[in-house]
Amino acid sequence: MWCILQLYSYKSAHHRPQTLSYKNGYALPHRPKVGIGQAPLLSSELTQSEINQLSNQTPALTYGTTHYSPALDFIPAHVAYDKKVLRFYGYFQQEVLHSPQEGYRVRSVVLYYYLEDDSMCIMEPVVENSGIPQGKLIKRQRLPKNDRGDHYHWKDLNVGMDLVVYGTVYRVTHCDSYTQDFMESEGLVLNDPEPTPVDPYIQRRTQAGRSYITPSVFDRLKQFLTMDHKVLRFFALWDHTDSLYGEARPVTIQYYLVDDSVEIREVHEPNSGRDPFPVLLRRQRLPKNIKPACKPFPSCVLEVSPQEVLQYYSPKDFQVGETLQLMGRRFLLYDCDEFTKTYYQKNHPDLELKPKPVVKKTTELHDRHKVPPYNGFGSLEDSLQNCLSLIPEPPKKDLMKMLENDHKVLRYAARMDSQNPQDEGRRFIFSYFLSSDMISIFEKSTRNSGIISGQFLEKTRIPKPGCTVDKPEFYGPADFAIGDTVEVFRHRFVLTDADHYVLKYLESISDQLPSRTLNSLRQRLGVADQGVDPHTDPQSEDIERAEASS
């Protein structure tokens, strides 16, 4: 023990000895010298691989320090591949059962591969009139590749391959330019694109183009643009007097220049008793000459086709003053309108128009239905509506007058003119409504009179005495002068006063009123303004009572 302590007492360096050194730029290991009191460095402490790595390591630079480039920032996949989608085109065959016309159908699809999360989506373009619900076949998800749980990756996709998804085999035919550039940049070689097979059902439904035997030299488009809404109108008589109970009926023949079609309409007179169907011949092109082989064939069994017609009727065949045979019926063209005359003078000056006078059958005019006299029930206008129609309608009102004069009322004070001594002292308020020309009467209460006050007459139009029931004349603002007597259904009233609004309104229409009415109002209201207190005047109290009641 003393010997060991003596050995350590002589130790001067206590650091770890260096085992690596550089010689001529190469790193070489060497065994350090073992000093007094140091344990020898055993080679068993380093493995053979570590020794080889140390011996084979070469420095990048012999002298100086090495400059390291900064590390790049980490970019996640959902950011690097955001909105980057690979698009492949393909199809799959759908088996059709129990159909003698087709055994399968070819349905085109578009496959989308989203690089950010390796999900896929399969869409089917919409085909018009296909009758199949199309659109999104498989929503966006990671599609399984096999039963072991693997999913499809973009490295597994290529052109000209079969893609099995949920039991359906999709054939990939081609892709877009971005997908091709991406796959080639990743080192994948795409196969040659394949054509999509034609669906036999769509091919069978496709109609072949029409083939014309002889092209027409007539410009139909020019005829449509220049002759649209231009019609030749002829007035004619349909003569079928040779048949039983036959007669000559007035008709109008209209020739449409836009497509050379003809329409015939009957002219019905009022109360003729005929059915309300004026169209005798619907608008169509009328054949003039047909092939001789088709003439004996009855047209009621099979209509004449355009291939069998040699010539159609034209404006040259319609001459005013001559009889025309149309569809087996005779029509006498006796006149035409001004546009037709101008058209023939401009385009067919060689054709002479010869209008013929036609004697029309005159019918005896029966006496019109007489309106019965007014019976007194309801208003005159309401009773008249029962005589004009089976289902009476309310009489029409002057809406402008009602809107302009709404809430405008002329108020007069009156007393009853009666020989009965019990009616003395009774006071009334006349309210004339300008919107409907109606009058209402309100009786003011009189103390100890024994007569109940309130509404004496509801709103109604009051006729003047002496007028007839069929042509009544009603009271108006011009008839209400202060001091005049107004007879209301055998009751006589004397007007004693009016409010200031009456004078203001009548002065605005002074040209429509007699001067006597305005002078009486000015005289009465002028006296009231000078020496009569409106709070003590009985007529003013009546006016205020009428305003409060309204």
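First, a word on scope: everything that follows refers to the structure included in this document. (Residues numbered from 1 in each chain as written. Predicted model: local features only at pLDDT ≥ 70, side-chain atom pairs only at ≥ 80, totals over all residues. Heavy atoms only, no water.)

1. So, empty space enclosed by the protein
Let me state the cut-off plainly: The way it works is a 1 Å grid over only the protein atoms, where trapped points that fit a 1.4 Å probe form a cavity and open points with protein on both sides within 12 Å along at least five of seven lines form a pocket, and then any residue with an atom within 4 Å of a point lines it. Grid points are joined across faces, edges and corners, and a volume is the space filled by probe spheres set on the points. Ten residue types, Ala, Val, Leu, Ile, Met, Phe, Trp, Tyr, Cys and Pro, are classed as nonpolar, four, Asp, Glu, Lys and Arg, as charged, and the remainder, Gly among them, as polar.
Enumeration according to the criterion identifies 1 cavity of 30 Å³ or more in this entry. When its residues are assigned to classes, the lining of the largest cavity shows 2 nonpolar, 4 polar and 3 charged.

2. Here's the deal with the pairing of strand S4 (residues 104-114)
For a regular strand, side-chain orientation follows a simple rule: the groups alternate between the two sheet faces. The line we're drawing: Being paired, for any two strands, means DSSP has found at least two bridges between them. For the purposes of this entry, the term helix denotes a DSSP run of H or I that reaches at least four residues, the term strand denotes a run of E that reaches at least two, and both are numbered from the N terminus.
Pairing of strand S3 (residues 85-95) with S4, which is carried by 11 bridges, proceeds in the antiparallel orientation. Directly across from Leu86, in S4, lies its bridge partner Tyr113. Here S4 runs beside strand S5 (residues 119-124); their pairing, made up of 5 bridges, is antiparallel. Residue pairing for S5: Tyr112 is matched across the bridge by Cys121.

3. Notes on the layout of surface pockets
Put simply, the rule reads: The domain limits used here are those given by an automatic or database domain assignment.
One number sums up the size of the largest pocket: a volume of about 1000 Å³. Together, 37 residues line the largest pocket, and Ser379, Glu381, Met438, Arg461 and Phe474 are the ones closest to its centre. Among the secondary structure elements, those contributing two or more residues to the lining of the largest pocket are helix H8 (380-388), helix H9 (399-404) and strand S20 (454-460). Among the elements that take part in the lining of the largest pocket, H8 stands out by supplying 3 residues, more than any other. In terms of residue class, the lining of the largest pocket is made up of 14 nonpolar, 9 polar and 14 charged. Each of domain 3 (371-396) and domain 4 (407-525) contributes no fewer than three residues to the lining of the largest pocket.

4. Focus on the sheet that holds S4
Quick note on the threshold: Fitted lines through C-alpha atoms give the axes, limited to the stretch in contact for helices. The angle between two N-to-C directions lies from 0 to 180 degrees. Here a residue-residue contact requires only that any non-hydrogen atoms of the pair lie within 4.5 Å.
Strands sit in the order S6-S5-S4-S3-S8-S7 across an open sheet of 6 strands; the sheet is antiparallel. With one partner strand each, in any of the chains shown, strand S6 (135-141) and strand S7 (162-165) form the two edges of the open sheet. On average, each strand axis in the sheet is tilted by 30° relative to the strand beside it, whichever way the strands run. The sheet contacts of helix H4 (residues 177-185) involve S3 and strand S8 (168-175), and relative to S3 the element is tilted by about 115°.

5. Points about the packing of aromatic side chains
This is how the line gets drawn: Centres within 6.5 Å make a pair out of two Phe, Tyr or Trp rings, where for Trp the six-membered ring is used; the pair is then stacked when the planes are under 30 degrees apart, edge-to-face when over 60, and tilted otherwise. Working definition: with a 1.4 Å probe on protein chains only, accessible area under 20% of the residue-type maximum means buried, over 50% means exposed, and in between means partly exposed.
Throughout the structure, instances matching the rule amount to 15 aromatic pairs. Judged by centre distance (5.2 Å) and plane angle (65°), the rings of Phe428 and Phe456 are edge-to-face. Taken together, the residues span a long stretch of sequence, with Phe428 in strand S18 (residues 427-433) and Phe456 in strand S20 at a distance of 28 residues. Residue Phe428 is classed as buried on the basis of its relative accessible area of 0%. Residue Phe456 is classed as partly exposed on the basis of its relative accessible area of 30%. Measuring from ring centre to ring centre gives 5.3 Å for Phe430 and Phe493, while their planes differ by 75°; the resulting arrangement is edge-to-face. You can see Phe430 sitting in strand S18 and its partner Phe493 sitting in strand S22 (residues 491-498), a full 63 residues away along the chain. Phe493 carries the same exposure label as Phe430, and that label is buried.

6. A closer look at the pattern of salt bridges
Definition in use: We count a salt bridge whenever a side-chain nitrogen from Lys or Arg sits within 4 Å of a carboxyl oxygen from Asp or Glu.
Enumeration according to the criterion identifies 26 salt bridges in this entry. Residue Asp417 is joined to Arg492 by a salt bridge in which the shortest nitrogen-to-oxygen separation is 3.8 Å. Here Arg492 lies in strand S22 and Asp417 lies in the loop between strand S17 (409-416) and S18, a separation of 75 residues in the sequence. The class of Asp417 is partly exposed, set by a relative accessible area of 34%. Classification of Arg492 as partly exposed rests on a relative accessible area of 40%. One connected set of salt bridges, linked through shared partners, spans Glu247, Arg249, Glu266 and Arg274.

7. A look at the environment of Arg205
Put simply, the rule reads: Think of a polar contact as two N or O atoms within 3.5 Å of one another; within protein, one of them needs to be a possible hydrogen donor and the other a possible acceptor, and neighboring residues in sequence only count if both atoms come from side chains.
Here Arg205 lies in helix H5 (residues 200-205). Here Arg205 falls in the partly exposed class, since its relative accessible area comes to 41%. Reaching out from Arg205, the side chain makes a polar contact with the backbone oxygen of Asn129 at a distance of 3.1 Å.

8. Some points on the sheet that holds strand S15 (residues 323-326)
Taken together, 6 strands build an open sheet; the order of strands is S12-S11-S10-S9-S16-S15 and the sheet is antiparallel. Every interior strand has two partners, whereas the edge strands, strand S12 (279-284) and S15, have only one. Geometrically, the sheet is characterised by an average inter-axis angle of 30° between neighbouring strands, direction not taken into account. Inspection of the sheet shows strand S9 (residues 231-239) paired to strand S10 (residues 248-256) by 9 bridges, in the antiparallel sense.

9. Description of the nonpolar core
We count it as follows: For the purposes of this section, nonpolar cores are sets of buried Ala, Val, Leu, Ile, Met, Phe, Trp, Tyr and Cys residues that join through side-chain atoms within 4.5 Å.
Ranked by size, the top nonpolar core spans 29 residues in total, and within it Tyr412, Phe430 and Leu506 carry the most contacts. For this core, the elements supplying multiple residues, two or more each, are S17, S18, strand S19 (438-443), strand S21 (485-488), S22, helix H10 (500-508) and helix H11 (515-531).

10. Re a nonpolar patch on the surface
Put simply, the rule is: In this analysis, a patch consists of residues with relative accessible area above 30% that form no salt bridge, clustered at 9 Å for like charges and at 5 Å for the nonpolar side chains Val, Leu, Ile, Met, Phe, Trp and Tyr. Where accessible areas are quoted, they stem from the Shrake-Rupley method and a 1.4 Å probe; at the residue level, only the protein chains shown are allowed to cover.
A contiguous nonpolar patch, built from Leu221, Phe224 and Leu225 and spanning about 340 Å² of accessible area, is present on the exposed surface. As for its position among the elements, Leu225 is in helix H6 (residues 220-227).

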